[in-house]
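Single-letter residue listing:
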Amino acid sequence: MAAQPVSVLITGANRGLGLEMVKQMMEPPSQVRKLFACCRNPHGPKTEALQTLAKKHPKIISVIRLDVTDLCSIKQAAPLVGSLVGTGGLNLLINNAGILAKGNLQDTSPEDMQSAFNTNVMGPMNVIKEFLPHLRAAVKASGMPGMSCNKAAVVNISSVMASMESLKQSYASLPAISYRISKAALNMLTLCASEELKEDGILFSVLHPGWVRTDMGGEEADIAAPESVQGILRVMASLTEKHNGAFLDYKGKTVPW
Ligand code: NDP
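Nothing here was measured: the structure is a model prediction, and the numbers come from that model. (Residues numbered from 1 in each chain as written. Predicted model: local features only at pLDDT ≥ 70, side-chain atom pairs only at ≥ 80, totals over all residues. Heavy atoms only, no water.)

Chemist: I would appreciate a short explanation of the sheet that holds strand β2 (residues 34-39) in the present structure.
Modeler: Hydrogen bonding along the main chain pairs the strands of a sheet, whether they run parallel or antiparallel. If you trace the seven strands from one edge of the open sheet to the other, you get β3-β2-β1-β4-β5-β6-β9, paired in parallel fashion. Across the chains shown, the open sheet's two edge strands, defined by having one partner strand only, are β3 (61-65) and β9 (247-249). Averaged over all adjacent pairs, the angle separating strand axes in this sheet is 20°, with direction ignored. As paired elements, strand β6 (residues 203-208) and β9 share three bridges and run parallel to each other. (Pairing = 2+ DSSP bridges. Helix = DSSP H or I, 4+ residues; strand = E, 2+ residues; numbered from the N terminus. Axes fitted to C-alpha atoms, helices over the stretch in contact; angles between N-to-C directions.)

Chemist: So what exactly am I meant to see when it comes to the site of the ligand here?
Modeler: Around the ligand lies a shell of 30 residues, among which N14, R15, N96, Y179 and T214 are the nearest. The contact in question runs from a nitrogen atom of the ligand to an N or O atom on the side chain of D67, over 2.9 Å. Backbone polar atom of G98 to an oxygen atom of the ligand: 3.5 Å apart, as the coordinates give it. Protein contact buries 96% of the 900 Å² of open area that the ligand shows by itself. Taking a 2 Å distance to the grid points as the criterion, the majority of the atoms of the ligand fall inside the largest pocket. Counting residues per element, the ones that place at least two in the shell around the ligand are α1 (16-25) and α6 (177-196). Classifying every residue of the shell around the ligand gives 11 nonpolar, 13 polar and six charged. (Near = heavy atom within 4 Å. Polar contact = N/O pair within 3.5 Å; in protein donor to acceptor, adjacent residues only side chain to side chain. Areas by Shrake-Rupley, 256 points an atom, 1.4 Å probe, with all protein chains shown as cover. 1 Å grid on protein atoms, 1.4 Å probe; cavity = no way out; pocket = protein on both sides within 12 Å on 5 of 7 lines; lining within 4 Å. Sits in = over half its atoms within 2 Å of the grid points. Nonpolar A, V, L, I, M, F, W, Y, C, P; charged D, E, K, R; others polar.)

Chemist: What is the right way to look at unusual backbone geometry in this model?
Modeler: Most peptide bonds take the trans configuration, and most residues that are not glycine carry a negative phi. Of note, the amide linkage connecting P28 to P29 takes the cis form, showing an omega dihedral of 5°. Position of P29 among the secondary structure elements: in the loop between α1 and β2. With phi around 40°, A176 is a residue other than glycine that occupies positive phi space. With respect to the secondary-structure elements, A176 resides in the loop between α5 (167-170) and α6.

Chemist: It is not clear to me how the layout of surface pockets should be interpreted in this structure. Could you clarify?
Modeler: Put simply, the largest pocket is a space of about 1,300 Å³. Of all the secondary structure elements, the ones that give two or more residues to the lining of the largest pocket are α1, β2, α5 and α6. Of the residues assigned to the lining of the largest pocket, the class counts are 17 nonpolar, 23 polar and nine charged. (Points joined across faces, edges and corners; volume = space filled by probe spheres on them.)

Shown next, in the form of structure tokens:
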């Protein structure tokens, strides 16, 4: 397997795909030594599985409060993570937290739209901005040429539902316009960041995890979370500067914008 990140931060790490990422990063051949598992309610009932994992790996996992819609919590988490990673910086930031509302144009309220934007777009944007110094520190510490997830990278978890080219095949079964529009905006955010920060050596990519059996994906989904996350980790390990600004699925296939 390609070289792997040493320090990783995941948002929405208490259930679904985020929790599965934490699990798999604690198994061989993972090289992760510092894992910041962020969630909005570290001591809530939906965080028990994550806390159990953290107790098993106390030297590696730090459970950190971070609500992506609350800029104060992001601003509190960033220096805390900075003090724990030190000059080695943060290698990999995974913007995984997300919400989905199913409504179509006629039944989506302004509030639904605002919530989707706050969580799926403004959240990742604020997280990227606040953690940028630690990603830059990782570039400086690595001394390696090129781009990769073991140097400094941001992976934004998006969805094929943001794909304009494939909209016609899926719209009738699940309109979810606030989700589609906000994830399309997340894709554009990723592309903008990939251009703006390419000289800094930080890689930005968008990944679609597949249709996965989680609370969001539902029981009818195609694949289970372990299969999706095995694919995501494989794809992340394979990313290079060629993939800066790429939109890939969990098998590494390019998704059309
Ligand atoms: P789940 O609904 O199972 O989990 C969502 C996670 O996001 C939870 O940990 C939740 O925390 C967290 N979250 C939601 N809002 C916030 C917030 N404001 N601050 C911090 N955390 C928050 O979803 P999945 O695991 O399935 O989805 C993970 C990502 O994958 C999402 O970005 C989703 O859009 C994407 N995706 C999923 C697909 C699927 O089929 N499952 C398909 C395509 C993309 P809490 O417990 O506090 O609510």
